[in-house]
Amino acid sequence: MPRKAKRPKRPKRPIDARGEALARVVVDAPLDPLARMVLGDHLQGLGERLGDWVALAAGLEADPANARLRAASVAFVDEHRDALFGDGAELLAGAWIGWRGGFIDELRLQPYPGATRTTARVAALLAHPSCRFVRTIALGAFPAPKPIIAAIAAAAPPLLERFVALDTPTSSGDPPSIDAIAALPTLRQLGLRDVAITVAMPQITTLVVSARGPFARYLAAGKCPNLEELVVEDFALAPKALATIVGKLPHLKRLRLLGERNLRARLVALRPHLPRLALLDVSHTPFTDGDAALLADHGDLELVAIRTDATAAPPGLRAATVTRPSAVALQQAVANDPELTSWLPQRLAAGGRDAIALIPGVGVALYNLGTRVTLDGREAVALPVLEAALTFPVASLHTFAWANAALAHERLYHFDEAERIGREGLLRAPLEPNFFAIVIDALRRSDRLDQALALVPRAFGALDRPEASRHSAGAAACCLLDCLFTLAQAGRHREVLAAAKKYPAAMKPDAYPVVAMSHVALGHLAKARAAMKRGEGAGAVKHHAHAVLALAAPTWDRASVLAEIAELHRLRYPELHWLGADPNLAAIRDELSSARA
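Residues numbered from 1 in each chain as written. Predicted model: local features only at pLDDT ≥ 70, side-chain atom pairs only at ≥ 80, totals over all residues. Heavy atoms only, no water.

**Thoughts on the packing of aromatic side chains**
No. 1: Taken as a whole, this structure holds 7 aromatic pairs when the rule is applied.
No. 2: Taking the centre distance of 5.1 Å and the plane angle of 70 degrees together, the rings of Trp53 and Trp99 count as edge-to-face. Of this pair, Trp53 sits in helix α3 (residues 49-62) while Trp99 sits in strand β1 (residues 96-100); the two residues are 46 residues apart in sequence, bridging distant segments of the chain.
No. 3: What makes Trp53 buried here is its relative accessible area of 3%.
No. 4: Judged by its relative accessible area of 26%, Trp99 is partly exposed.
No. 5: Both rings, one in Phe485 and one in Trp578, keep their centres 6.2 Å apart while their planes meet at 85 degrees; by these two values the pair is edge-to-face. Placement of Phe485 in helix α21 (residues 475-489) and of Trp578 in helix α27 (residues 576-579) is noted, with a sequence separation of 93 residues between them. Each member of the pair Phe485 and Trp578 is classed as buried. (Phe/Tyr/Trp six-rings, centres within 6.5 Å; stacked < 30°, edge-to-face > 60°. Helix = DSSP H or I, 4+ residues; strand = E, 2+ residues; numbered from the N terminus. Buried < 20%, exposed > 50% of the residue type's maximum accessible area, 1.4 Å probe, protein only.)

Quick look at the structure:
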């Protein structure tokens, strides 16, 4: 069954004069929640869905720990995406959006499958009322980034202060120029990789750059005279060149040299400039105790030396973080860091996602880290990293990060969080069976069977379009199984049998015991036994079906049936909540109630 028909679009109507006046108040006080709420109330009075969303967002920001409200907010965005994003709604397939008071605060755009009219859609989204207060834009490696960059520059968002380009961990060919955006007077922070830039940026205070790009010559020309923080990764600059760059930055307070080589010579060259630095970060470099001794006379300096060869900082520094074991290659350390001791997770833990928001392509490293730790069976440790990865999408990962984060929550029985993230996945991949499996499972196992049932038709629509799935081949089987469980628990057994017949390719061993139990409920004992023969390779669910089949026989042994139920408890059967309500088990209802108590 295809997705439900969309509601007709409301006629597009510009915000009236009062709305424009209220919008100017928000621009003048961008962090004031009251100004946004007043504008939202006005839009709600005009009958605009954006006003309804501002009201819902205000409730969510007042109660951020309310996971069900967070999931409901995602469902609202899904249902009203056309009203909230206009002609830019299709961009959601590759985007992440950070909201503030019901308006887009951070917009991270990535290429996505089947993209059409991308530049026009970006322009439309930037012109939409929901996006007029955006403060951060990150642009991935689109096949044709130049017109998109031009569209962003032409829109000139009045609050845009942070820009990341190109937001990818790999080289993307001919670097496009971002001069038009760099000239925007509101910009304060930039994260750059694989782009060209020539215009001076006296307004910039923070710059993150990698070796991929012509940034050394640019910085040495003094084009960023008011820079206060510079982060360079694998820059491989000659010591004299690095000293020249720092000498052109009279206001520089924080310098991070990540993954540098020949660090000793660079520190010697930098010594005249060290007294004015408040922080020096030399993580993932060959930093030794001998190098640390060079800093002994700089008591006002904070030193960060994560994963280096140094054993301790020199005494007298304002603050210091020095950790081992050494790992010179930053990317290698990230790929092999099961204990989360490398620079990236440490920065995330210490400063939150804002501390790494300017690093192009950081989502891949976060995804790899979180997934590695999850595979080790430490979901609770992995979750902060996986959750952060969701907010830094990268085109090459499609929607895998959402699946891994949701499944980690599911394994920890955080069903409300699993539902929220699964719904976020559906925003981006509305035909992905894996996300329907996650959301339906979460709803059913948290006693919201009616909501799970409401999603089953859409899930079947996804199974009708197997070519749309980018996840594992088992995603369709998981989706079908969760749909079968949901229908069976609702007593809709004929629909269970019809679905099993319609999607034979998605029928795996665990599905056949569910079919068998539906046959029992309909009085088809011979067909139930035949289904069980195909389901003997199933997991815990087969014990449920064995108990049901035993109780359906003319005579049955209570002890053997209760042994099957005990096995379900031992195996932590995900459907334990169903046992007490399953009519097929009515004959042992008292024992089930005692066991649950």
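**Some points on helix α25 (residues 541-552)**
No. 1: The terminal C-alpha atoms of α25, which comprises 12 residues, lie 17 Å apart, in line with the 16 Å expected from a rise of 1.5 Å per residue.
No. 2: Along α25, the residues classified as buried are Val541, His543, His544, Ala545, Ala547, Val548, Leu549 and Leu551.
No. 3: Where α25 is buried, its residues meet α21, α23 (511-521), α24 (525-533), α26 (558-570) and α27. (Expected span 1.5 Å × (residues − 1). Contact = heavy atoms within 4.5 Å.)

**Structural notes on the side chain of Arg135**
No. 1: Along the chain, Arg135 falls in the loop between α6 (118-127) and β3 (136-139).
No. 2: On the basis of relative accessibility, which here comes to 15%, the residue Arg135 falls in the buried class.
No. 3: With near-sequence residues (within four places) excluded, Arg135 lies in contact with Leu31, Arg100, Asp105, Leu159, Leu160, Glu161 and Arg162.

**Some points on the pattern of salt bridges**
No. 1: Enumeration according to the criterion identifies 42 salt bridges in this entry.
No. 2: We note a salt bridge from Arg108 to Glu106, for which the minimum N-O separation is 2.6 Å.
No. 3: One salt bridge in this structure joins Arg420 and Glu424, with 3.3 Å as the shortest N-O distance. In this pair, Arg420 and Glu424 both sit in helix α18 (residues 415-428), 4 residues apart, roughly one turn of the helix. Across the pair, exposure class does not vary: Arg420 and Glu424 are buried alike.
No. 4: By sharing partners, the salt bridges in this structure join Arg68, Asp416, Glu419, Arg423 and Arg448 into a single network. (Salt bridge = Lys/Arg side-chain N within 4 Å of Asp/Glu carboxyl O.)

**With respect to the confidence of the model for the protein chain**
No. 1: Of all residues in the protein chain, 95% attain a pLDDT of 70 or more, and the chain-wide mean is 92.
No. 2: Taken as a whole, residues 1-12 scores under 50 in pLDDT and shows 18 contacts with residues more than four places along the chain or in a different chain. (pLDDT = per-residue confidence, 0-100.)

**Concerning the side chain of Asp78**
No. 1: Of note, Asp78 is situated in helix α4 (residues 67-79).
No. 2: Polar side-chain contacts of Asp78 include one of 2.6 Å to the side chain of Arg81. (Polar contact = N/O pair within 3.5 Å; in protein donor to acceptor, adjacent residues only side chain to side chain.)

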